[in-house]
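# Understanding the architecture of this molecule
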2 protein chains.
Amino acid sequence: MTMSAKLLVQNCISAKLAVNWDQFKSGEAEKIEYVSIGEGLVVFVCFREGATEDILPKIASSILNGKLYQTDGKPKSVESDVEKSILIIPQATLGGKLKGKQVQYHGNISKLDGKKIFERFQDILKRESKETECKFGKYGNRQVLQMDTVGPFSHIFEF
Amino acid sequence: MTMSAKLLVQNCISAKLAVNWDQFKSGEAEKIEYVSIGEGLVVFVCFREGATEDILPKIASSILNGKLYQTDGKPKSVESDVEKSILIIPQATLGGKLKGKQVQYHGNISKLDGKKIFERFQDILKRESKETECKFGKYGNRQVLQMDTVGPFSHIFEF
């Protein structure tokens, strides 16, 4: 099975993302707008060539129900156990491979298809999350992020 | 070839890591001590079972010489092109695999061997970096981190 998506999940106690950095830099937007969460998960996602909507419910369920949120005790899920928030950030660089000194991004989804599937992913996450607040970065933009953690407990998952 | 190490590399404009969080929490240390960097790379590393010292120069070279640092132009290397800093953080969770809702960490290196190889990795990075300032987290501790980015440009590499 070919890989359809790559996920990086990090824990945070707060995270703040600029959602219109590119538009601000180009003069299209007058000021930088942010989305932010408190305690929860920062989830970076990269879709690969051939990714289809079929995979999205499984990825959404893993984020919401996977025991990925650590406090001092046992890992918990954001949806059922701790009711925290998640911030989903498109991150095409996750598909990079190092060849010598250069990183190559062969096999990533096209920008147009990536945007479509990311939007569908947003719908599914919003639909599936009963207790979890979901916030999102803007597809195709530079993701200017600040985060504060008591341990990122970084996980990488492939689908 | 079996995978010996997993790396997560993120860009930052500043990062600050508590290096004795566990010791402070247990009362062994009186106050929290930090290491911090300005612009550069935050590098999370997880060694896997069977990792040996042979692999370390290649990993070190990839971090120092790989074009992983992004500004507004072309990606650059921290060692030759931009002379930034790196913060290396042990992160065993990178070796996790999601099985249902649980994350399993089969195949990670033992804590004792991990500590040894991480210390050797520190020596090699210090030796190989002429222009790059290298700072390190403490192996086996919780890695309490704050970071500020103009885009993390997250990359995952396996060795």
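Residues numbered from 1 in each chain as written. Chains lettered and ligands numbered in written order. Predicted model: local features only at pLDDT ≥ 70, side-chain atom pairs only at ≥ 80, totals over all residues. Heavy atoms only, no water.

## Considerations on the interface of chain A and chain B
Many analyses report the size of an interface as the accessible area lost when the parts associate. As a reminder, the rule being used: Any two residues whose heavy atoms approach within 4.5 Å are treated as being in contact. Throughout, buried area stands for the accessible area (probe radius 1.4 Å) lost by two parts on being put together, summed over both. Any carboxyl oxygen of Asp or Glu that lies within 4 Å of a side-chain nitrogen of Lys or Arg is treated as forming a salt bridge with it. Here a polar contact is recorded for every N or O atom pair within 3.5 Å, except that within protein the pair must consist of a potential hydrogen donor and a potential acceptor, and residues adjacent in sequence are included only if both atoms are side-chain atoms. Secondary structure is summarised from DSSP: a helix means a run of H or I of at least four residues, a strand means a run of E of at least two, and numbering begins at the N terminus for each. Nonpolar residues are Ala, Val, Leu, Ile, Met, Phe, Trp, Tyr, Cys and Pro. Charged residues are Asp, Glu, Lys and Arg, and all others, Gly as well, are polar. Whether two strands pair depends on DSSP finding at least two bridges between them.
Contacts between the two partners involve 39 residues from chain A, matched on the other side by 38 residues from chain B. Summing the contributions of chain A and of chain B, the shared interface buries around 3,300 Å²; its carbon and sulfur component is 56%. If you sort the residues of chain A by the area they bury against chain B, L98, R142 and I156 of chain A come out on top, with a joint share of 19%. Connecting chain A to chain B are 0 salt bridges. Our count for the contact surface shared by chain A and chain B stands at 20 residue pairs in polar contact (both at pLDDT 80 or more). Only strand 1 (5-12), helix 2 (56-65), strand 6 (97-99), strand 7 (102-104), strand 9 (144-148) and strand 10 (155-158) of chain A provide two or more residues apiece to the side of chain A that touches chain B. Looking at the side of chain A that touches chain B, the element that brings in the most residues is strand 9 of chain A, giving 5 residues. Classifying every residue of the side of chain A that touches chain B gives 16 nonpolar, 16 polar and 7 charged. Relative to strand 9 (residues 144-148) of chain B, strand 9 of chain A runs antiparallel, the two sharing 3 bridges. Of the residues in strand 9 of chain B, the one forming a bridge with D148 of chain A is Q146 of chain B.

## Observations concerning the pairing of strand 8 (residues 133-136) of chain A
Residue and element names in this part refer to chain A. How we decide: Accessible area is worked out with a 1.4 Å probe on protein chains only. A residue is then buried under 20% of its type maximum, exposed over 50%, and partly exposed in between.
Along strand 8, the buried face is formed by C134 and F136; none of E133 and K135, which line the opposite face, is buried. Pairing geometry for strand 5 (residues 85-90) and strand 8, over 4 bridges, is parallel. Looking at the pairing, I88 lines up with F136 of strand 8.

## Thoughts on unusual backbone geometry
Most peptide bonds take the trans configuration, and most residues that are not glycine carry a negative phi. With a phi angle near 45 degrees, F153 of chain A is a residue other than glycine that sits in the positive phi range. The residue F153 of chain A is located in the loop between strand 9 and strand 10 in this model. Accessibility expressed as a relative area gives 15% for F153 of chain A, which makes it buried. Of note, E83 of chain B is a non-glycine position whose phi angle comes to about 55 degrees, a positive value. On the secondary structure map, E83 of chain B appears in the loop between helix 3 (78-82) and strand 5 (85-90).

## Considering the relation of the copies chain A and chain B
Rule in force here: We superpose the copies by least squares over the C-alpha atoms of residues that have a pLDDT of at least 70 in both of them.
Note on the identical chains: chain A maps onto chain B by a rotation of 180 degrees and an axial translation of 0.0 Å, with an RMSD of 0.0 Å. Such values leave the two copies arranged in the relation of a two-fold axis. Closest to the rotation axis within chain A is the C-alpha of M147 of chain A, separated from it by 2.7 Å. Comparing contact sets, 97% of the residues at the interface of chain A also lie at the interface in chain B, consistent with an isologous, same-surface contact.

## Concerning the packing of aromatic side chains
The test is simple: Pairing of aromatic rings covers Phe, Tyr and Trp, the last through its six-membered ring, and needs centres within 6.5 Å; plane angles under 30 degrees mean stacked, over 60 mean edge-to-face, and all others mean tilted. A ring is considered to have a charge above it if a Lys NZ or an Arg CZ atom is located within 6 Å of its centre and within 35 degrees of its normal.
Applying the stated rule across the entire model yields 6 aromatic pairs over all chains. Relative to F121 of chain B, the ring of F47 of chain B lies with its centre 5.8 Å away and its plane at 90 degrees, an arrangement referred to as edge-to-face. One end of the pair, F47 of chain B, is in strand 4 (residues 40-47); the other, F121 of chain B, is in helix 4 (residues 111-128), and 74 residues separate them in sequence. With respect to class, F47 of chain B is no different from F121 of chain B; both count as buried. Ring geometry for F118 of chain B and Y139 of chain B: centres 5.6 Å apart, planes at 40 degrees, overall tilted. Pair noted here: F118 of chain B is in helix 4 and Y139 of chain B is in the loop between strand 8 (133-136) and strand 9, with a separation of 21 residues, a long-range link. In textbook terms, an aromatic cluster arises when at least three aromatic residues are bridged by ring pairs, as seen for F118, F136 and Y139 of chain A. If you follow K16 of chain A out to its NZ or CZ, it ends over the ring of Y34 of chain A, 4.3 Å from the centre.

## Examining the sheet that holds strand 8 of chain A
Residues and elements named next belong to chain A. Where we set the bar: Working convention: axes come from line fits to C-alpha atoms, limited for helices to the stretch in contact. Angles between N-to-C directions cover 0 to 180 degrees.
Read across the open sheet, the 5 strands follow the order 8-5-4-1-10; overall the sheet is mixed. The open sheet terminates on both sides in strands that have one partner only, identified here as strand 8 and strand 10. Recorded for the sheet is a direction-independent mean angle of 20 degrees between the axes of neighbouring strands. Here helix 2 sits on the sheet and contacts strand 1, strand 4 (40-47) and strand 5; the angle it forms with strand 4, its principal contact strand, is near 155 degrees.

## Concerning the sheet that holds strand 9 of chain A
Reading across the sheet, the 6 strands line up as 3(A)-2(A)-9(A)-9(B)-2(B)-3(B) and stay open at both edges, with antiparallel pairing between neighbours. What marks the edges here is a single partner per strand, and that holds for strand 3 (34-37) of chain A together with strand 3 (34-37) of chain B. On average, each strand axis in the sheet is inclined to that of its neighbour by 15 degrees, with strand direction left out of account.

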